[in-house]
Amino acid sequence: MSLVHRALASRRAAPTRVMPPGSALTAALTSQAAHIAFQPPTQTGGIRSSRRSQKTFAFDHCFDSSEPGSARFASQEIVFSSLGKDILDNAFEGYNACIFAYGQTGSGKSYTMMGGHDSRGLIPRLCDTLFDRVADRSDPGLTHKVEVSYMEIYNEKVHDLLDPRGGKQSLKVREHNLLGPYVDGLSVLAVSSGQDIERLIVEGNKSRTVAATNMNSESSRSHAVFTVIVTQAPQRSSD
Ligand SMILES: Nc1ncnc2c1ncn2[C@@H]1O[C@H](COP(=O)(O)OP(=O)(O)OP(=O)(O)O)[C@@H](O)[C@H]1O
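For clarity, every value in this text was computed on a predicted model and none was experimentally measured.

(A) Up close: the pairing of strand 9 (residues 157-160). Direction of pairing for strand 8 (residues 142-154) relative to strand 9: antiparallel, over a ladder of four bridges. When the bridges of strand 9 are listed, M151 appears paired with D160. Where strand 8 folds back onto strand 9 in an antiparallel hairpin, the turn is made up of two residues, including N155, whose phi is positive at roughly 50°. Bridge count for strand 9 against strand 10 (residues 170-171) is two bridges, and the pairing is antiparallel.

What follows is the structure in structure tokens.
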């Protein structure tokens, strides 16, 4: 059963990714199939021996990005093809989909979701493929509209990262009686290409709250939520 089919069945799937050595989190990690064995460093004086023993954790999928060049190395492309493509299939079928990156500072969340300098992450790859599929879709009876929003939650306050006025005022979270919680006044911008989205992400990132931590010199200090809304509708005869 694929990750996403399992996700649909259980409504969630939990993959993990091992970072390369030299990144902020260095420890002897080995990943195999869907298990990860974590061997804490031996030379940390003062840690009780029971806390130094190897620990094994199970995930739905392990991406081993610890050794660039090794046969099992999971590149950004592999992470995308394992997680991203099926999510788009489901989005076109009308399902809501969410990719949520969770981990301590410096563990590679931004790298996996957005990418590094020359290694694009999941979100830009998803957006490009989304527009490729819109262009490829053979059904002339359907129209597609794609819109995005981008916000950060920092110190319990919600900020619009795509506010055209560049304001930093916080927005209110309200409850719609049919649609549930929403952010009142959040900008929703129409886009027509993957490049449009990438430009907005770059602009939005400039407004994000960033500061150095001991584990990450460019740590995003907030939670960020990037939303893509795809609307498919039957073409009206007057269109
Ligand atoms: N798989 C990877 N391959 C190469 N470099 C990586 C990988 N994962 C993370 N890095 C690098 O490690 C550093 C920290 O990663 P990143 O900023 O993505 O962490 P984060 O989890 O988003 O941290 P924070 O919560 O502090 O914002 C960055 O310089 C990033 O480029």
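The discussion continues.
(B) Representation of helix 5 (residues 194-206). Along its 13 residues, helix 5 runs 19 Å from first to last C-alpha, staying within 8% of the 18 Å computed at 1.5 Å per residue. Among the residues making up helix 5, those that are buried are G194, D196, I197, L200, I201 and G204. Projected down its long axis, helix 5 shows its buried positions confined to an angular sector of 155°, all on one face. Residues Q195, R199 and K206 are exposed on helix 5 and point more than 90 degrees away from its buried face.

(C) Structural detail: the packing of helix 2 (residues 76-92) against helix 4 (residues 122-136). Between helix 2 and helix 4, the least distance of the axes is 9 Å, while the angle of their chain directions is 45°. On the basis of the axis angle, helix 2 is oblique to helix 4. Where helix 2 crosses over helix 4, the handedness of that crossing is right-handed. Contacts between helix 2 and helix 4 pair Q76, E77, V79, F80, L83, G84, K85, L88, D89 and F92 from the former with L122, R125, L126, T129, L130, R133 and V134 from the latter. Along the lines of polarity and charge, the residues of the contact of helix 2 with helix 4 split into nine nonpolar, three polar and five charged.

(D) Quick look at the pattern of salt bridges. Evaluation of the coordinates by the stated rule reveals nine salt bridges. For E198, the salt bridge is made with R120, and the minimal N-O distance between the two is 2.5 Å. Of this pair, E198 sits in helix 5 while R120 is found in strand 7 (residues 119-120), placing the two residues 78 residues apart along the sequence. Relative accessible area serves as the criterion here: at 29%, E198 is assigned to the partly exposed category. By sharing partners, the salt bridges in this structure join R120, D128 and E198 into a single network.

(E) Here's a closer look at the UniProt feature "binding site: ATP" (unreviewed entry) in the protein. Here, UniProt's "binding site: ATP" (unreviewed entry) annotation points to G103, Q104, T105, G106, S107, G108, K109 and S110. Here K109 is to be found in helix 3 (residues 109-113). Contacts of K109, omitting those with residues within four sequence positions, involve A101, Y102, G103 and Q104. Take S110: it is sitting in helix 3. You can call S110 partly exposed: its relative accessible area is 36%.

(F) Spatial organisation of the environment of V79. Residue placement: V79 occurs in helix 2. V79 sits 17 residues away from C62 along the chain, and the two C-alpha atoms are 9.7 Å apart. With residues near it in sequence (within four places) discarded, V79 still touches R17, F63, G84, T112 and L122.

(G) Geometry of helix 2. Helix length check: helix 2, at 17 residues, gives a terminal C-alpha distance of 23 Å against a target of 24 Å (1.5 Å per residue), a fit within 8%. Within the sequence span of helix 2, burial applies to Q76, V79, F80, L83, G84, I87, L88, N90 and F92. Immediately beyond the C-terminal end of helix 2, within one or two residues, lies G94, with a positive phi of roughly 100°.

(H) Region of interest: the packing of aromatic side chains. Applying the stated criterion across every chain yields a total of two aromatic pairs. Aromatic side chains F100 and Y102 sit 6.5 Å apart centroid to centroid with 15° between the ring planes, which places their arrangement in the stacked category. We classify F100 as exposed; its relative accessible area is 66%. Measuring from ring centre to ring centre gives 5.2 Å for Y150 and F226, while their planes differ by 80°; the resulting arrangement is edge-to-face. Highlighted residues: Y150 in strand 8 and F226 in strand 16 (residues 223-234), separated in sequence by 76 residues. Of the two residues, Y150 and F226, neither departs from the other in class, the shared state being buried.

How each quantity is defined
Residues numbered from 1 in each chain as written. Predicted model: local features only at pLDDT ≥ 70, side-chain atom pairs only at ≥ 80, totals over all residues. Heavy atoms only, no water. Pairing = 2+ DSSP bridges. Helix = DSSP H or I, 4+ residues; strand = E, 2+ residues; numbered from the N terminus. Expected span 1.5 Å × (residues − 1). Buried < 20%, exposed > 50% of the residue type's maximum accessible area, 1.4 Å probe, protein only. Arc of directions from axis to C-beta. Axes fitted to C-alpha atoms, helices over the stretch in contact; angles between N-to-C directions. Parallel < 35°, antiparallel > 145°, perpendicular 65-115°, else oblique. Left-handed = near helix turned anticlockwise from the far one by under 90°. Contact = heavy atoms within 4.5 Å. Nonpolar A, V, L, I, M, F, W, Y, C, P; charged D, E, K, R; others polar. Salt bridge = Lys/Arg side-chain N within 4 Å of Asp/Glu carboxyl O. UniProt positions renumbered as here; feature names shortened; annotations may be inferred. Phe/Tyr/Trp six-rings, centres within 6.5 Å; stacked < 30°, edge-to-face > 60°.

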